[in-house]
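# Overview (structure and organization)
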Amino acid sequence: MPRPLGELEDAVMTRVWQWNRPVTVREVLDDLRRERPIAYTTVMTVMDNLREKGWLRREREGRAYRYEAVSTRAAYSAALMNEAWAASDNPAAALVAFFGMMSPEQTEALRDALRVAHLGDTHPGAPAEGPGSPER
């Protein structure tokens, strides 16, 4: 399971996820410099560390590398939530407490996600749900 990204790792991955294309260290550096002074070698080291940890892959392009995300931010967030939930000695209570912290917008997003998850719940050969069909 993943450990949470550090502050600079998260700043780098946020850009890679948002841009959704292979990026160079220079592109990430230039964007980070809008917020803070930072050295090229620092960004290069962070991106290489993220590659070694399995978050990025890279391909050589001329004298530079282009890096791209191995998975999505949604998958990263889901893995963190799953890890936290699995670490609880009372998963049901942890979920109840988590739901109690949710904003109305987050609660609606959860409802939407559950609807989508249930749409994918059908198995080949299983009877379709609808009026007159047996409950699960």
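Everything that follows concerns the structure shown earlier in this document.
Below is a summary of the structure that appears in this document. Bear in mind the structure is a predicted one, so any value in this text is a computation, not a measurement.

A contiguous nonpolar patch, built from M81, F98 and F99 and spanning about 300 Å² of accessible area, is present on the exposed surface. Tracing the sequence through the fold places F98 in helix α5 (residues 91-101).

The next subject is the pairing of strand β1 (residues 56-61). Bridge count between β1 and strand β2 (residues 64-69): six bridges; the pairing is antiparallel. For R60, the partnering residue across the bridge sits in β2 and is Y65. Where β1 hands over to β2, the hairpin turn is made up of two residues, of which G62 adopts a positive phi near 65°.

Moving on, we get to the pattern of salt bridges. Taken as a whole and judged by the stated rule, the model has 16 salt bridges. R15 serves as the salt-bridge partner of D31, at 2.7 Å between the closest nitrogen and oxygen. Highlighted residues: D31 in helix α2 (residues 25-32) and R15 in helix α1 (residues 7-19), separated in sequence by 16 residues. Here the two residues D31 and R15 agree in accessibility, since each one is buried. Among the salt bridges present, the one from R115 reaches D112, with a minimum N-O distance of 2.3 Å. Taken together, the residues R115 and D112, both in helix α6 (residues 104-119) and three residues apart, mark about one turn of the helix.

The space that makes up the largest pocket amounts to roughly 260 Å³. Together, A78, M81, N82, A84, W85, A94, L95, F98, F99 and L110 line the largest pocket. Top element by residues in the lining of the largest pocket is helix α4 (residues 73-86). It accounts for five residues. A breakdown of the residues in the lining of the largest pocket according to their chemical character gives nine nonpolar, one polar and no charged. What lines the second largest pocket is T24, V25, R26, Y40, M44, D48, R58, R63, A64, Y65 and Y67. The set of elements that each furnish at least two residues to the lining of the second largest pocket consists of α2, α3 (40-52) and β2. Of the residues assigned to the lining of the second largest pocket, the class counts are six nonpolar, one polar and four charged.

Any two packed helices are characterised by the angle at which their axes cross and by the distance between the axes. It is the contact of α1 with α2, at a shortest axis distance of 11 Å, that shows an interaxial angle of 110°. Taken as axis vectors, α1 and α2 run roughly perpendicular relative to one another. You can see that α1 and α2 cross each other, and the crossing is right-handed. Between α1 and α2, the residues in contact are L8, A11, V12, R15 and W19 and E27, V28, D31 and L32, respectively. Split into classes, the residues belonging to the contact of α1 with α2 amount to six nonpolar, no polar and three charged.

Before going further, it helps to examine the environment of E83. Structurally, the position occupied by E83 is in helix α4. Relative accessible area serves as the criterion here: at 32%, E83 is assigned to the partly exposed category.

Conventions used here
- Residues numbered from 1 in each chain as written.
- Predicted model: local features only at pLDDT ≥ 70, side-chain atom pairs only at ≥ 80, totals over all residues.
- Heavy atoms only, no water.
- Patch = residues over 30% accessible without salt bridge, like charges linked within 9 Å, V, L, I, M, F, W, Y side chains within 5 Å.
- Areas by Shrake-Rupley, 256 points an atom, 1.4 Å probe, with all protein chains shown as cover.
- Salt bridge = Lys/Arg side-chain N within 4 Å of Asp/Glu carboxyl O.
- Helix = DSSP H or I, 4+ residues; strand = E, 2+ residues; numbered from the N terminus.
- Pairing = 2+ DSSP bridges.
- Buried < 20%, exposed > 50% of the residue type's maximum accessible area, 1.4 Å probe, protein only.
- 1 Å grid on protein atoms, 1.4 Å probe; cavity = no way out; pocket = protein on both sides within 12 Å on 5 of 7 lines; lining within 4 Å.
- Points joined across faces, edges and corners; volume = space filled by probe spheres on them.
- Nonpolar A, V, L, I, M, F, W, Y, C, P; charged D, E, K, R; others polar.
- Axes fitted to C-alpha atoms, helices over the stretch in contact; angles between N-to-C directions.
- Parallel < 35°, antiparallel > 145°, perpendicular 65-115°, else oblique.
- Left-handed = near helix turned anticlockwise from the far one by under 90°.
- Contact = heavy atoms within 4.5 Å.

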